[in-house]
Amino acid sequence: MELRHLRYFVMVAEEKHFTRAAARLNMQQPPLSQQIRALEEELGFELFKRHPKGVDLTTGGAVFLEEAKAILARVQDGARRAARVASGVEGTLKIGFTSSAAAHPLIPQIIRAYRERYPAVSIALEEGNAGRLTERASAGELEVGVLRAPVSQPAGIEFHRLLVEELLWVLPIGHPALAAAGGAIDIQRMSDEPFILVRRPGAPGMYANLLRACQTAGFEPKIAFEVERMLTNVSLVAAGEGISVVPASMRDIHGDSVVYRRIHGARPRLVAPLTMVCRRFNQSPALLNFIQLARRLAKDHRSQNRVAASVLSQPNS
């Protein structure tokens, strides 16, 4: 039994006449009659009672008509849904993010824009550190992870850098370094300060760059605490336990108890990228749409920041 047999049967049942049904099916009447006979033989009972004016459904035929219509409707719905999933307008998308990446305003903007554009895609969100998100993306347990600097590069993984922002000092209110003139604070000024940093496995690139910059400035930083998340280190700075560095997009956190300042004299320059990680192969259409939208919005964000910086740098007229 094939789907065409069900379509033939439904058409004859609706028309109650083989010739009219054959015309609608764009086929000859004898082959249609043969196909219905073959279907009846396969089922083991008559579907129609033939008479000079046409046909009527038998009791068994009436029941089979309901089932045939339901089957054809499910096939049509399945094909339509499959086409929507194949184009990325329906399906599922698992997105992971680190706490510091989620703190950047671009990330909620991307997710909100994606939900508005593809409302039929079910989005699942989870939080983790960069290493864990990369592992889950590599294993296919996560479509895309949003993190700062890549921590590893497993086979079959690709990274999409969305933007780069500078790192800032985070100091408790009343810190002596804040009394110095100017907005930026030289890295050498912090040689005796206790540092609060995200653990090396969670942010090895930024951690290593900070250590290197301190060493280039002539000192080894004193690590007072290592924490799992950047939000925690800001809280500890607010509690007066030390100083830290965070991406510039986090400068509104605990604004009543900490102060953010630019870093002067760091070599290498201390920056925090914003990066997406995903598998290179077998990418779902929903993921491809997400990547395309994220890259476009990131480009717009960079352009807006360049324009704003240009305006601020203009002398007053």
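Shown above is the structure to which this text applies.
Residues numbered from 1 in each chain as written. Predicted model: local features only at pLDDT ≥ 70, side-chain atom pairs only at ≥ 80, totals over all residues. Heavy atoms only, no water.

S.K.: I would appreciate a short explanation of the packing of aromatic side chains in the present structure.
M.R.: The way to describe two aromatic rings as a pair is by their centre distance and the angle between their planes. Tallied over the entire structure, the rule returns six aromatic pairs. Measuring from ring centre to ring centre gives 5.5 Å for Phe 9 and Phe 48, while their planes differ by 50°; the resulting arrangement is tilted. Residue Phe 9 is found in helix H1 (residues 3–15), and its partner Phe 48 is found in strand E1 (residues 48–51); the two are separated by 39 residues along the sequence. Each member of the pair, Phe 9 as well as Phe 48, carries the same accessibility label: buried. Between Phe 9 and Phe 64, the aromatic rings sit 5.2 Å apart at their centres with planes inclined by 50°, giving tilted as the arrangement. Residue Phe 9 is located in helix H1, and its partner Phe 64 is located in helix H4 (residues 59–87); the two are separated by 55 residues in the primary sequence. Judged on exposure class, the residue Phe 9 and its partner Phe 64 are both buried. Here the aromatic residues Phe 9, Phe 18, Phe 48 and Phe 64 are joined through ring pairs into a cluster of three or more. (Phe/Tyr/Trp six-rings, centres within 6.5 Å; stacked < 30°, edge-to-face > 60°. Helix = DSSP H or I, 4+ residues; strand = E, 2+ residues; numbered from the N terminus. Buried < 20%, exposed > 50% of the residue type's maximum accessible area, 1.4 Å probe, protein only.)

S.K.: Which parts of the structure should I look at to understand unusual backbone geometry?
M.R.: Note: most residues except glycine have negative phi, and most peptide bonds are trans. Residue Pro 268 is reached from Arg 267 by a cis peptide bond, and omega for that bond is 5°. Take Pro 268: it is sitting in the loop between strand E11 (258–264) and strand E12 (271–279). Positive phi outside glycine occurs at Asn 26, with the angle close to 60°. Its location among the elements puts Asn 26 in the loop between helix H2 (18–24) and helix H3 (29–43). In this model, His 254 sits at a positive phi of 50°, which is unusual for a non-glycine residue.

S.K.: Explain the environment of His 264 to me, please; I cannot follow it from the model alone.
M.R.: In this structure, His 264 sits in strand E11. Separated by 80 residues in the primary sequence, His 264 and Ala 184 have C-alpha atoms spaced 5.7 Å apart. In this structure His 264 touches Ala 184, Ile 185, Asp 186 and Ile 187, once residues within four positions along its chain are discounted. (Contact = heavy atoms within 4.5 Å.)

S.K.: Teacher, can you tell me more about the pairing of strand E3 (residues 91–97) here?
M.R.: Consecutive side chains of a regular strand alternate in pointing toward one face of the sheet and then the other. In terms of burial, E3 is largely enclosed, as five of its seven residues are buried. As defined by bridge partners, E3 adjoins strand E4 (residues 121–127) across seven bridges and the pair is classed as parallel. Looking at E4, one finds that Phe 97 is bridged to Glu 127. Here E3 pairs with strand E5 (residues 144–147) via three bridges, running parallel. Of the residues in E5, the one forming a bridge with Ile 95 is Val 144. (Pairing = 2+ DSSP bridges.)

S.K.: Whenever I open this one, helix H7 (residues 130–138) confuses me. Can you help?
M.R.: Given 3.6 residues per helical turn, the α-helix brings residues three or four places apart onto the same face. Those residues of H7 lying buried are Ala 130, Gly 131, Leu 133, Thr 134, Arg 136 and Ala 137. At its buried positions, H7 is contacted by E3, E4, E5, strand E6 (157–172) and E12. For H7, the N-terminal capping position is held by Asn 129, with its side-chain oxygen 3.2 Å away from the main-chain nitrogen of Gly 131. Following H7 by one or two positions, Gly 140 adopts a phi angle in the positive range, close to 80°. (Polar contact = N/O pair within 3.5 Å; in protein donor to acceptor, adjacent residues only side chain to side chain.)

S.K.: Please clarify how the side chain of Ser 100 should be interpreted in this entry.
M.R.: Position of Ser 100 among the secondary structure elements: in helix H5 (residues 99–102). Setting aside residues no more than four positions away along its own chain, Ser 100 makes contact with Arg 148, Met 230 and Met 250.

Note that every value here comes from positions in space, so none of it alone points to a role or purpose.
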